[in-house]
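Listed here are the chains, written in short residue letters.
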Amino acid sequence: MTLSQRQMVDNDRSRFDFKDEIVYLTETKRGLTRETVEEISAIKEEPEWMTKFRLRAYDHFLKRPLPTWTDGLDRIDFDKIMYYRKPSEREEKSWDDVPDQIKNTFERLGIPEAERKFLSGVGAQYDSEVVYHSVKEELSKIGVVFMGTDQALKEYPDIFKKYFGTIVPPEDNKFAALNSAVWSGGSFVYVPKGVEVPLPLQAYFRINGENTGQFERTLIVVDEGAKVHYIEGCTAPIYATDSLHVAVVEVIALANSKVRYTTIQNWSNDVYNLVTKRAHAYENSTVEWIDANTGSRKSVKYPSIYLRGRGATADIISVAVAGKGQHQDTGAKAIHLAPDTRSRIVSKSVSKDGGRASYRGQLKVAPGATGVVASVRCDALMLDDESRSDTYPYIDIQEDDTTMTHEATVGKISQDQIFYLMSRGLSENEAQNLIVQGFLEVFTKELPMEYAIEFNRLVKLEMEGALG
Amino acid sequence: MSDALKLPFAGEDFVRRISADLEEPKWLLEERMDALRLYDELPIETNNLFTLYVDLRAAHWNDIEPYREIGDAPGVDETVPEGVAALIDVGEDAIVARAMSAEARAAGVVVDTFANVLRTQPDLLRKALEGGQTLPDDDKFAQFARSHAALGLLIHVPDGVTLEQPIVVRWSVGAPGRGLITRTVLSLGENAGARVLEEQLPSAAHTGEGQSLWWGTTETLLGPGARLSFAGQQDFAGNTLSIVNRHATLEQDAQLNWALASVGAQLSKSRIDNRLVGRGSAVHQVEIGFGADRQLFDATSYTRHIGTDTTGDLLSKGVFLDRARGYYKGMITIERSAHGSDSFLGEFAMLLTKQARSVTIPSLEIDQPDVRRAAHSSSVGPIDETEIFYLMSRGLPREVARKFIVLGFLEPVVARIPLADAQDRLRALLDAKWPSTSEAAA
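Residues numbered from 1 in each chain as written. Chains lettered and ligands numbered in written order. Predicted model: local features only at pLDDT ≥ 70, side-chain atom pairs only at ≥ 80, totals over all residues. Heavy atoms only, no water.

Examining the interface of chain B and chain A
Accessible area lost upon the coming together of the parts is a frequently used measure of interface size.
Then, number 1: Facing the 36 residues of chain B at the interface are 35 residues of chain A.
Then, number 2: Summed over both sides, the interface of chain B with chain A buries roughly 2,900 Å², with 49% coming from carbon and sulfur.
Then, number 3: Linking chain B with chain A are four salt bridges.
Then, number 4: Ionic pairing is found between Glu399 of chain A and Lys354 of chain B, a salt bridge with its closest N-O pair at 2.8 Å.
Then, number 5: For the side of chain B that touches chain A, the secondary structure elements donating two or more residues are β20 (357-366) and β21 (371-381) of chain B.
Then, number 6: Here the side of chain B that touches chain A takes ten residues from β20 of chain B, the largest share from any one element.
Then, number 7: Across the side of chain B that touches chain A, the residue classes break down as 18 nonpolar, twelve polar and six charged.
Then, number 8: Sheet topology places strand β23 (residues 403-411) of chain A next to β21 of chain B; six bridges connect them, and they run antiparallel. Looking at the pairing, Ala408 of chain A lines up with His376 of chain B of β21 of chain B. (Contact = heavy atoms within 4.5 Å. Buried area = accessible area lost by both parts, 1.4 Å probe. Salt bridge = Lys/Arg side-chain N within 4 Å of Asp/Glu carboxyl O. Helix = DSSP H or I, 4+ residues; strand = E, 2+ residues; numbered from the N terminus. Nonpolar A, V, L, I, M, F, W, Y, C, P; charged D, E, K, R; others polar. Pairing = 2+ DSSP bridges.)

Structure representation (structure tokens):
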């Protein structure tokens, strides 16, 4: 351990965080009651089935104990959370209509620029409601729906009701129940049969306001033979008390479709980020989760793929960077339920400045799922003595012709590598940065170019912050 | 499932009566009572990672009555078998053979029951047992054995003594409705060296009607520079429940080799704890399981790196036929103090029938990145068709080729058994396990 590695302290993440004063037009009282749930549904003028769904979820949330297999969740004070806020009255279709104050925040996040250059559609979430939304005209023409989940409930009630809550039912886990009770915002995507969306769909969203919970719900339905890439990324301001982000993402990949879902999670260090992300993959479809977690105080997130149709493929890349005070409890699940299905899980984690990175994953081959080929690879890099790295893989195989391999390694940056790079004229800091970026390249190379640049910049900032 | 351990025979009455019958000193009764308290308090599995993979439903505890008195059989055999330093043979509730070579005796080696050692060298036993450091204090099963054991064995090799010939410990049980609860303490002094072979066999009383129970421990203390090779062969009858805790504490430069094979028993539950305390200490562990019918092999392994420059090299392999299941749960912990650790955990399984099942959980918890290696690896796969093709091209029928490949997969453990006879016996056992007409033969 070199001196400078030991000096990696005081990782100041505030450079990513800024906050604006927002006048909230509608908000609920702090804490969660049956009345709060009913009030949210009433404000949104939802159909009765959704109100009932929310209340069923609320009842389950109360009954379900907190999970005990990961620690620290008992520090969340559910009574201090505000479960619903609506910052502007209507859905915005054009950037010009977005209130200036909110626009300023997005400007600082670089959204308009990204929108002009690359985006085929933008759904940006500001607290609990979608405030800005646009879909390129040509996408609308070919029938692609990309809008806020609340709006979709009103405009596409049939397809919404058919799929909503079927992939992640409220009873799945305590936080899925919480999200189901109070969900607000998120994206809805429908891609019709045979349509290939030529550009990624992107949704930026961010939390603002102390003690605000963010409970977005995303539903993506990709019809037979269709193809789409959805991208989300986020930042949030730092506050002294704990914030909560509890999301549910449901993806349905029908036969022969292809879905890629990319996330760069960069919540501020006070946020508990507890997310249930799950996809059902039907015959010959491909689902890819590309998932990076650099922010939050604690993330609990295992993107999952249920391989339900013959020949379906699952590909999951999970990246975690845990700095001071952070615990990234992340990983992936591949559940093989049909014959000739394939899965690949690659996990890369970096822990530093006392951070803890835990890989938790599940690979299951159910009876009847013959001819499965599956692989899991977990690599962890620890940058100092104070940090911690864990690997908790579960591998449950119930078919005799399964081919499964799993490998994991944990280590530090070798002094030989540093020495070699320094001999080529790099500073020690640059050398480390380069090695960490190389270690994470399996993730960055899957990103669209502008995201890859942004992500590498983020990693560099983290490393520099550490080295001061 | 995790609250399913209700042992009708467990409790203070049982413990006090056994201790009184054995005329144990007060400190040993207190040991038992400490263990009983832990046993009562502990859940069936304390590690949240593993709670989903404990399945004791096969056990009919209510139909089992453990032996309370274990004594010498009439005419204990005291002849020393060829090539053996010492032997102790326990059949059901009697010690049927107890023998030691003249040189081992002259070197001060002890292989005897707790009851006898308490008469001759009480301090030796007290030093090893008092405080309960030889078993994990978070394990209900270990604490059950520590509190309820009706028989204890001590194997002690003094400082500087190296035995060339192995010590053999043999257990035979199988009588329906009966159970043997035991502890075995194995202590090697500074720079001592020994090989131990433990055989677990069906007794003549085994009828297959009703369950029998063997519940035991291997509590190992290795002094500085000590070297122990421990080979275990579990081939109990199909009516037997086998529960074992093996625990080892290694001081500086101590070396431990475990080679453990499980072939028999209806339910075989084991937990191994390796504590690498001393600088430069090393454990090499190889476990195999070959299951058929509805056998369940539940094997947990903890290796804790505490001292600097320690080595943990752990490999488990399972082959499963019919509806057999293997639950292989592993945890490597590298503590902050353990600079320069080299740790590897491998868990590999071969499923030969559609109804067989393999669960592997090879976990790592690393607090010290300054390692030589920290890795795990796991795989599950069918028999490689290319290998079958190759063997068939050499003139072997398909079925024989499959068998060769499976036995070859398990051979690395067989090769580590210290006695040639025992190796051959294990090979024969594995060979016999291969079915002539099961689905696997198709």
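Comments concerning the environment of Trp171 of chain B
Residue and element names in this part refer to chain B.
Then, number 1: Inspection of the secondary structure puts Trp171 in strand β7 (residues 167-173).
Then, number 2: In the structure, Trp171 is positioned 27 residues away from Glu198 in sequence and 7.8 Å away in space, judged by C-alpha atoms.
Then, number 3: Setting aside residues up to four positions removed in sequence, Trp171 forms contacts with Val90, Leu151, Leu153, Leu180, Thr182, Thr184, Glu198, Glu199, Gln200, Leu201, Trp214 and Phe236.

Structural notes on the domain arrangement of chain B
Residue and element names in this part refer to chain B.
Then, number 1: Assigned domains of chain B: these are domain 1 (12-384) and domain 2 (385-442).
Then, number 2: Computed over C-alpha atoms, the centres of domain 1 and domain 2 are 27 Å apart.
Then, number 3: Each side of the interface is counted separately: domain 1 has 38 residues, and domain 2 has 26 residues.
Then, number 4: Interface area for domain 1 against domain 2, summed over the two sides, is near 2,800 Å², with a carbon-plus-sulfur share of 71%.
Then, number 5: The largest per-residue losses of area from domain 1 upon contact with domain 2 belong to Phe290, Ile383 and Asp384, which jointly make up 24% of the total buried on that side.
Then, number 6: Linking domain 1 with domain 2 are one salt bridge, by the criterion used here. (Domains from an automatic or database assignment.)

Some remarks on the packing of aromatic side chains
The geometry of two aromatic rings is summed up by the distance between their centres and the angle between their planes.
All names here are of chain A.
Then, number 1: One pass over the structure, following the stated rule, counts 28 aromatic pairs over all chains.
Then, number 2: On the numbers, 6.3 Å between centres and 20° between planes, the contact of Tyr156 with Phe188 is stacked. Of this pair, Tyr156 sits in the loop between α7 (149-155) and α8 (157-163) while Phe188 sits in strand β6 (residues 187-191); the two residues are 32 residues apart in sequence, bridging distant segments of the chain.
Then, number 3: Take Tyr156: its relative accessible area is 33%, and that puts it in the partly exposed class. (Phe/Tyr/Trp six-rings, centres within 6.5 Å; stacked < 30°, edge-to-face > 60°. Buried < 20%, exposed > 50% of the residue type's maximum accessible area, 1.4 Å probe, protein only.)

Here's the deal with the nonpolar core
Then, number 1: Within the largest apolar cluster, 146 residues are counted, with the highest numbers of intra-cluster contacts made by Val191 and Ile305 of chain A together with Trp61, Leu188, Trp215 and Leu228 of chain B.
Then, number 2: Counting residues in each nonpolar core, the second largest holds 36 residues, with Leu87, Ala292, Met350 and Leu429 of chain B among its members. (Core = buried A, V, L, I, M, F, W, Y, C linked by side-chain atoms within 4.5 Å.)

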